[in-house]
Amino acid sequence: MLDCCEFALTGKYIELLLAPDGYSPPVWNGDIMNKEFIEWEAVEGAKILTVTGIKAGDTVVDFGCGNGHYTFAAAHIVGNNGKVIAVDQSHIAIKQISDRCKQENIKNIAPMLTDGGIHLDIPDESVDAVLLYDILHHFQGEARTALLEEVRRILKPEAILSLHPTHETEHGKTIDELVVELVMFGFEHTGSVHARLIHYRFFQESTIHNFSMIK
């Protein structure tokens, strides 16, 4: 059996070779997150985001952060000199993240509750990475254009846009078409990471796609 954090690199494609027991149902107890998910954040999640390109000292925006699994994984990487801005329109999600930060004395996460609008109270070119994980499909038409333009506004020139584009095919868009779409907004595809990810309270094998701004 392969260790869950072995890497195989082929060209621009990075695959994390995972143990085959990766699909687990969630166990929830009130507001307490499943222990297995929390362990994933600290180990697998942090390694996955490190391969994605997030590093110590970075400022990361997790847009549509939900329960914050990727927020907390990123926080393990960026350390005390970095910051993870957890953005969501759900009062419950933001409260859950805020309460956990207080309970665990986590200082490098900044929860940001929005009214569902696109504009973020974040300065231009101040962010090293934006995570759009399981969220892009909620934005179509003008809202999608506005979101991608806002992401470009806040990213530094050498920054990373990282997508977990779940459900895009349900809206009739292939990954190749998504790559072409993002080129129109000034982003180029730089690689993919296949791994055991968290998607709606479950573990599943899936792929993250990473982009940088076209120079």
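Residues numbered from 1 in each chain as written. Predicted model: local features only at pLDDT ≥ 70, side-chain atom pairs only at ≥ 80, totals over all residues. Heavy atoms only, no water.

## Let's talk about the overall build of the protein
And step 1. A count of helices and strands for the protein gives five helices and nine strands.
And step 2. Counting from the amino terminus, the protein carries its helices and strands in the arrangement β-β-α-β-α-β-α-β-β-α-β-α-β-β.
And step 3. The 215 residues of the protein split such that 50% are buried.
And step 4. When contacts within the protein are restricted to residue pairs at least 6 apart in sequence, long-range pairs at least 24 apart make up 72% of them.
And step 5. Total accessible area on the protein is roughly 10,700 Å²; 54% of this is exposed by carbon and sulfur atoms. (Helix = DSSP H or I, 4+ residues; strand = E, 2+ residues; numbered from the N terminus. Buried < 20%, exposed > 50% of the residue type's maximum accessible area, 1.4 Å probe, protein only. Contact = heavy atoms within 4.5 Å. Areas by Shrake-Rupley, 256 points an atom, 1.4 Å probe, with all protein chains shown as cover.)

## Re the environment of Leu 132
And step 1. You can see Leu 132 is positioned in strand 6 (residues 127–133).
And step 2. Overall, Leu 132 belongs to the buried group, its relative accessible area being 1%.
And step 3. As for Leu 132 and Asp 62, which are separated by 70 residues in sequence, their C-alpha atoms are 6.7 Å apart.
And step 4. The contact partners of Leu 132, leaving out residues within four places of it in the chain, are Phe 63, Leu 148, Val 151, Leu 161, Ser 162, Leu 163 and His 164.

## What about the nonpolar core?
And step 1. Membership of the largest hydrophobic core comes to 31 residues, with the highest contact counts inside it found for Leu 49, Ile 54, Val 60 and Ile 109.
And step 2. Counting residues per element, the ones that place at least two in this core are helix 1 (35–52), helix 2 (69–78), strand 4 (83–88), helix 3 (91–104), strand 6, strand 8 (187–199) and strand 9 (202–213).
And step 3. When residues in this core are grouped by element, the largest group, seven residues, is from helix 2.
And step 4. When neighbours within four sequence positions are excluded, Ile 109 is seen to be in contact with Thr 71, Phe 72, Ala 75, Val 84, Ala 86, Ile 97 and Cys 101.
And step 5. The next biggest cluster of nonpolar side chains, apart from the first, holds 29 residues, and it includes Phe 63, Ile 135, Leu 161 and Leu 182. (Core = buried A, V, L, I, M, F, W, Y, C linked by side-chain atoms within 4.5 Å.)

## What about the pattern of salt bridges?
And step 1. Tallied over the full model, the rule gives 14 salt bridges.
And step 2. With a shortest N-O distance of 3.9 Å, Glu 36 and Arg 196 are connected by a salt bridge. Of the two residues, Glu 36 is situated in helix 1 and Arg 196 in strand 8; the sequence distance between them amounts to 160 residues.
And step 3. Owing to a relative accessible area of 31%, Glu 36 belongs among the partly exposed residues under this scheme.
And step 4. For Arg 196, a relative accessible area of 10% translates into the label buried.
And step 5. One salt bridge connects Arg 153 with Asp 124, and the closest N-O pair in it is separated by 2.4 Å. (Salt bridge = Lys/Arg side-chain N within 4 Å of Asp/Glu carboxyl O.)

## Focus: the pairing of strand 4
And step 1. For strand 4, a buried count of five out of six residues is recorded, marking the element as mostly surrounded by other parts of the structure.
And step 2. Once the chain exits strand 3 (residues 59–63) it traverses helix 2 before rejoining the sheet at strand 4, and the crossover so formed is right-handed.
And step 3. As defined by bridge partners, strand 4 adjoins strand 5 (residues 109–113) across five bridges and the pair is classed as parallel. Residue pairing for strand 5: Val 87 is matched across the bridge by Met 112.
And step 4. Handedness of the crossover joining strand 4 and strand 5 through helix 3 is recorded here as right-handed. (Right-handed = clockwise from strand over helix to strand, strands pointing away. Pairing = 2+ DSSP bridges.)

## A look at the layout of surface pockets
And step 1. The volume enclosed by the largest pocket comes to roughly 850 Å³.
And step 2. For the largest pocket, the lining is made up of 36 residues, of which Gly 64, Cys 65, Gly 66, Asn 67 and Asp 88 are closest to its centre.
And step 3. Counting only elements with at least two residues in the lining of the largest pocket, the list comes to strand 3, helix 2, strand 4, helix 3 and strand 8.
And step 4. Per-element tally for the lining of the largest pocket: the top contributor is helix 3, with five residues.
And step 5. Residues belonging to the lining of the largest pocket are distributed by class as follows: 12 nonpolar, 17 polar and seven charged. (1 Å grid on protein atoms, 1.4 Å probe; cavity = no way out; pocket = protein on both sides within 12 Å on 5 of 7 lines; lining within 4 Å. Points joined across faces, edges and corners; volume = space filled by probe spheres on them. Nonpolar A, V, L, I, M, F, W, Y, C, P; charged D, E, K, R; others polar.)

## Thoughts on the packing of helix 1 against helix 2
For any two helices packed against each other, the geometry is given by the interaxial angle and the distance between the axes.
And step 1. Taken N-terminus to C-terminus, the directions of helix 1 and helix 2 make an angle of 65°; their axes are 8 Å apart at the nearest point. Between helix 1 and helix 2 lies a crossing whose hand is right-handed. Of helix 2, the residues touching helix 1 (which contributes Phe 37, Trp 40, Glu 41, Ala 42, Gly 45, Ala 46, Leu 49 and Thr 50) are His 69, Tyr 70, Phe 72, Ala 73, Ala 74, His 76 and Ile 77.
And step 2. The residue inventory of the contact of helix 1 with helix 2, partitioned by class, reads 10 nonpolar, four polar and one charged. (Axes fitted to C-alpha atoms, helices over the stretch in contact; angles between N-to-C directions. Left-handed = near helix turned anticlockwise from the far one by under 90°.)

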